[in-house]
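# Observations on the three-dimensional arrangement
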Amino acid sequence: MRSPNNRGRVARGALIVGVAATLAVAGCSSKSTDNGSSDTSGTSGSASSTSLSIKPQTLLDSEGKEAPVASVSDAANPAGDGSATCSGSTLAMAGALTGANAALGQNILLGAKLALDEHNKANANCQVELKQFDTEGDPQKATQVAGPITSDTSIIGLLGPAFSGETNATGAQFNQAGLPFLTASATNPSLTEKGWTTFFRGLGNDNSQGSVVAKYLTGTLNAKKVCVVQDDTDYGVGLAKVVTESLGGAADAACSASVKSGQKDFSATVSQIKGENADAIWYSGYYAEAAPFVSQLREGGVTSTFASGDGTNDPEFVKQAGEAAKDAILTCPCVPGPAEWVKKYTDMNKQAPGVYSVEGYDLTTIMLKGIDSGVKDRAGMLNFVKSYNGQGIGKKYQWNDKGELSNALIEIYKVG
């Protein structure tokens, strides 16, 4: 695997969590959750106990082969040429802005804000507003904000929802309203099988992530026995299913397990896993539970490689798990942003980019380009996005008729 320095790119979520919360390289990290109500109080490890960070290892394609890093010299610029004119154009963002996994929603929002700031500073005659709607990552709460979003006719494009569960709960309503909704992070494969014509996924889904994860665990890591543990969210269940099926005989049914959002005590699951002496543990869920889980695994004497997906791939996982997070393998169907972009993001937001900050920026840029081209309503935005084909700072964006990207890339990270 290539080192980060050889790739000339900066990894998302690579925030060194130390005594002074030192900033290192950052760019791409994790996924949004389906339930933002979990409580992580009492989690082992803390920001003051570790200097670990999430570091990129390699970029893989859907076949699990190392993929070349695309040039972003021609990436879409939200500022455009500065000549845009518009009036009353509004975009919205919906996701977890508070709650146990709020860092994930905030990462997307801050990426969007950077794109909006660059656009509005350059285009005095086209000032676009971004309205924020907090779902806390809860599907039920998401349905409560769906009404105000769809009834506000000034909103012609939506960034979100962020999590698979809330997207599943609200997608039909957004689709019926003709509102284009572009998610930076909801990866459950079933979302594009519901017949929605206004939904666009800005990253690979769990089918691509899960199959690549299985190939990485059994190939690169040479794991012969893997314990698959899932939470009870749409995301966790869906991703675990793909990973388990893709692992085949390497998935050990004797140590497969399910946990709940908000769970703090994992002693029963730890005992179950310890008895199997597995080579690796794959956790499908979010950092709010992954942190105490890996802490209790290590405290219980389990030394198996701990691996998890984009729901865990956030600096908060390292901060909350402390030294127990060391050597964890984390994946993400996202790609890092270039160093110059990371600096702009960090300078504006006073923090490094996190999970899906890049996707939040790119998807917002696409909608801003639509407005700059003369789009004034939802129908116009829908047509613009459907026919869009362009390079972002993270990846190329072009969708098929179901709203899936034409290319899916998976970044492998390691905590060290």
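That block above? That's the structure.
These notes cover the structure that comes with them. Along each chain, residues carry numbers from 1 onward, in the same order as the chain's sequence is written. Local features in this predicted model are restricted to residues whose pLDDT is 70 or higher, and side-chain atom pairs enter the listing and the counts only when it is 80 or higher, whereas totals over whole chains, interfaces and linings include all residues. With hydrogens and water set aside, each side-chain value is computed from the structure's full complement of heavy atoms.

## Comments concerning the environment of K369
Strands here are runs of E lasting at least two residues and helices are runs of H or I lasting at least four, both read from the DSSP assignment and numbered beginning at the N terminus. If you trace the backbone, K369 turns up in helix α11 (residues 357-372). For every residue, the accessible area obtained with a 1.4 Å probe (protein chains only) is divided by the maximum for its type, and the residue is called buried under 20%, exposed over 50%, and partly exposed between those limits. On the accessibility criterion, K369 (32% relative accessible area) is partly exposed. As a C-alpha pair, K369 and A79 span 290 residues in sequence and 8.7 Å in three-dimensional space. Only heavy atoms enter the contact rule, under which two residues are in contact if any of them lie within 4.5 Å. Aside from chain neighbours lying at most four places away, what touches K369 is A76, F384 and Y388.

## Here we look at empty space enclosed by the protein
Gaps between atoms show up when a probe of the same size as a water molecule is rolled over them. Buried and open spaces are told apart on a 1 Å grid over the protein atoms alone, a cavity being a set of points where a 1.4 Å probe fits but cannot get out and a pocket being an open set with protein on both sides within 12 Å along at least five of seven lines. Residues with an atom within 4 Å of a point are the lining residues. Grid points are joined across faces, edges and corners, and a volume is the space filled by probe spheres set on the points. The final tally for this structure, using the stated rule, is one cavity of 30 Å³ or more. For the largest cavity, the calculated volume is near 30 Å³. Lining the largest cavity, in full, are A76, D362, T365, I366, Y388, Q391, G392 and Y397. The element that contributes the greatest number of residues to the lining of the largest cavity is α11, accounting for three residues.

## Notes on the packing of α11 against helix α12 (residues 378-386)
For helices, the fitted line uses only the C-alpha atoms of the stretch in contact; every axis is such a line through C-alpha atoms, and the angle between N-to-C directions lies from 0 to 180 degrees. Interhelical geometry of α11 versus α12 gives an angle of 120° and a closest axis separation of 10 Å. Here α11 lies oblique to α12, going by the angle between them. Taken as a pair, α11 and α12 cross one another with a handedness that is right-handed. Residues I366, M367, K369, G370 and I371 of α11 form the contact with α12, whose own contacting residues are M381, F384 and V385. Looking at the contact of α11 with α12, its residues break down into six nonpolar, one polar and one charged. Convention used here: angles under 35 degrees read as roughly parallel, angles over 145 as roughly antiparallel, angles from 65 to 115 as roughly perpendicular, and any remaining angle as oblique. Left-handed describes a crossing in which the near helix is turned anticlockwise from the far one by less than a right angle; the clockwise case is right-handed. Under the scheme applied here, ten amino acids are nonpolar (Ala, Val, Leu, Ile, Met, Phe, Trp, Tyr, Cys and Pro), four are charged (Asp, Glu, Lys and Arg), and all others, including Gly, are polar.

## Notes on the pairing of strand β9 (residues 280-284)
Buried residues dominate β9, accounting for five of its five residues. The pairing of strand β7 (residues 226-230) with β9 spans five bridges and is classified as parallel. Across the sheet, residue Q230 finds its bridge partner in β9, namely S284. Summarising the sheet, β9 and strand β10 (residues 305-308) pair through four bridges and their orientation is parallel. Directly across from A280, in β10, lies its bridge partner T305. Crossover handedness is defined by viewing with both strands directed away from the observer: a clockwise path from the first strand over the helix to the second marks the crossover as right-handed. Traced from β9 through helix α8 (residues 287-299) to β10, the parallel crossover comes out right-handed. Pairing between strands is defined by DSSP: at least two bridges between them are needed.

## A short note on the state of the cysteines
Cysteine sulfur pairs qualify as disulfides if the two atoms are within 2.5 Å. By the definition in use, this model includes three disulfides. The disulfide partner of C227 is C255, and the gap between their sulfur atoms is 2.0 Å. Measuring handedness by torsion sign, the sulfur bridge of C227 and C255 sits at about -95° and is left-handed. Highlighted residues: C227 in strand β7 and C255 in the loop between α6 (234-247) and β8 (257-258), separated in sequence by 28 residues. Considered together, C227 and C255 belong to a single accessibility category, that of buried residues. With a sulfur-sulfur separation of 2.1 Å, C332 is cross-linked through a disulfide to C334. Disulfide C332-C334: torsion about the S-S bond near 125°, hence right-handed.

## Considerations on α12
What α12 keeps buried is the set R378, M381, L382, F384 and V385. The arc enclosing the buried residues of α12, seen along the axis, measures out at 165°, which places them on a common side. Each element contacted by the buried residues of α12 is listed here: β2 (90-95), α3 (139-151), β4 (155-159), β5 (181-183), β6 (199-201) and α11. As used here, the arc is the angular range of directions from the helix axis to the C-beta atoms.

## Looking at the sheet that holds β10
Read from one edge to the other, the open sheet built from seven strands follows the order β1-β14-β11-β10-β9-β7-β8, with strand pairing classed as mixed. Strand pairing shows two members of the sheet lacking a second neighbour, β1 (54-60) and β8, which therefore form its edges. Sitting on the sheet, α6 is in contact with β7 and β9, with an inclination near 165° to β7. Packed on one face of the sheet, helix α7 (residues 267-274) meets β7, β8 and β9 and runs near 165° to β7.

## Describing unusual backbone geometry
Here G160 and P161 are connected by a cis peptide whose omega angle stands at -5°. Along the chain, the position of P161 falls in the loop between β4 and α4 (164-176). Residues other than glycine seldom take positive phi values, yet N222 does so here, at roughly 55°. Along the chain, N222 turns up in the loop between α5 (206-220) and β7. For N222, a relative accessible area of 45% gives the class partly exposed.

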